[in-house]
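So you can see what is in the structure, the chains are spelled out below.
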Amino acid sequence: MSSFKKRLQDLVEVSSTDSATVIGTDAPTQSNTFTVTIALTREDGKNDKLQEAIMKHPTKKILESSMNLKVIEMPCIQHADGPGLDAFRQLAQDDPSFAKYQYVIITSPESANVFGSVVNPNTFASKIAAVGKATKVALSKQGFQVDFVPSKADGETLGDELPPLREMGLNNILYSASVKAANTIQDKLEKRKDASFRVHRLNTYDTVPVIFTQEQLTTAMDNVQVACFGSPTAVDAWIGNIDRALGIQELDEEERKKTPGSNGNAIAVCIGTTTAKRCLESGRWHAQDIYYPVKNPGLEGWVDSCFTAFGDVMERSFWSTGGF
């Protein structure tokens, strides 16, 4: 690790406990500052919390004399109804209590919104397991009590740690999922040795890619140095748009991977391990260009990873150009 990167990581770790002043994205750029352009790729209207956390992060204040942040919203995905939504609505109509399930598993704020649009918290009588803090907050705002959150905000940890309510009998689980969610949770639960779990999965919503305008394609290729990804689907949508920008969408996958700039020449900063794995598996990024919080997946760790990435962008530019 370079001394520059180590110093920046120390700043992130130390300053994360201090207070900070919000610095606007439209602050004037001084001649001796380096501009880092970061793209937020969550669905339209869902990037505000991430942007606010970046702009309020104490490290931004510390580095403001040398770094100017330009944050732009470039939604890569949008949500649509899933094929299991009607069945979920019928289930709620037939048994508003959901009492036949020991748990209902909710794995994202969007899943929480879908759940809340169908289920009445006043009649709901089962227990809820939420994958992370953001999902718990989304459920709590709608009047639901969350009974379990795993120690790490991912499906693998949830599958390992979910406490059985019936150690000798069958634990029935309802899993309200995205169409594109992997089978990690149900596989983990159904392979558990300490208790028996049966998972009823309903794909209640889907995430579909957003097609960038020509202006957005130009911005992605020419200006963005860091792209923030909140899901594997956002990674795939970004790649699809970059392929269009390069005119390589008709090439086979291996040829597309080899094309210079096939990731948009942007470092990837991911919300957690699953999304980071997707970046690596895509073959578009080298491992050293993928940043994610290993110990603290979620918004706070995501933003810390952003600032580590910003520092590396600055360092690489400094050494390649001889200064800012």
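Quick look at the structure, then. (Residues numbered from 1 in each chain as written. Predicted model: local features only at pLDDT ≥ 70, side-chain atom pairs only at ≥ 80, totals over all residues. Heavy atoms only, no water.)

**Some points on the overall build of the chain**
Piece 1. Scanning the chain for helices and strands turns up 13 helices and ten strands.
Piece 2. Split into buried and exposed, the 324 residues of the chain put 48% on the buried side.
Piece 3. A fraction of 74% describes how many contacts in the chain between residues 6 or more apart in sequence connect residues 24 or more apart.
Piece 4. Per element, the accessible surface of the chain, about 15,800 Å² overall, is 49% carbon and sulfur. (Helix = DSSP H or I, 4+ residues; strand = E, 2+ residues; numbered from the N terminus. Buried < 20%, exposed > 50% of the residue type's maximum accessible area, 1.4 Å probe, protein only. Contact = heavy atoms within 4.5 Å. Areas by Shrake-Rupley, 256 points an atom, 1.4 Å probe, with all protein chains shown as cover.)

**Topic: the sheet that holds strand β3 (residues 77–81)**
Piece 1. Reading across from one edge, β3-β7-β6-β4-β5 is the order of the five strands in this open sheet, with mixed pairing throughout. Every interior strand has two partners, whereas the edge strands, β3 and β5 (127–130), have only one. Here the average twist between neighbouring strands, direction ignored, is 30 degrees.
Piece 2. Summarising the sheet, strand β4 (residues 103–106) and β5 pair through four bridges and their orientation is parallel. Residue pairing across strands places I105 opposite A129, the latter belonging to β5.
Piece 3. Here helix α6 (residues 133–140) sits on the sheet and contacts β4 and β5; the angle it forms with β5, its principal contact strand, is near 140 degrees. (Pairing = 2+ DSSP bridges. Axes fitted to C-alpha atoms, helices over the stretch in contact; angles between N-to-C directions.)

**Regarding the pattern of salt bridges**
Piece 1. Tallying each qualifying case throughout the model produces 16 salt bridges.
Piece 2. A salt bridge links E253 to R256, with the shortest nitrogen-to-oxygen separation between them at 3.2 Å. One end of the pair, E253, and the other, R256, are both in helix α11 (residues 253–258), three residues apart, so they sit about a helical turn from each other.
Piece 3. Note that E253 is salt-bridged to R284, the shortest N-O span being 3.8 Å. (Salt bridge = Lys/Arg side-chain N within 4 Å of Asp/Glu carboxyl O.)

**Some points on the packing of aromatic side chains**
Piece 1. Applying the stated criterion across every chain, the model contains eleven aromatic pairs.
Piece 2. Pairing F88 with F98 gives two aromatic rings, centres 6.0 Å apart and planes at 50 degrees, and the pair type is tilted. In this pair, F88 sits in helix α4 (residues 85–94) while F98 sits in the loop between α4 and β4, placing the two residues ten residues apart along the sequence. For the pair F88 and F98, a shared accessibility class is recorded, and that class is buried.
Piece 3. Taken together through their ring pairs, the aromatic side chains of F88, F98, F115, F124 and F144 make up a single cluster. (Phe/Tyr/Trp six-rings, centres within 6.5 Å; stacked < 30°, edge-to-face > 60°.)

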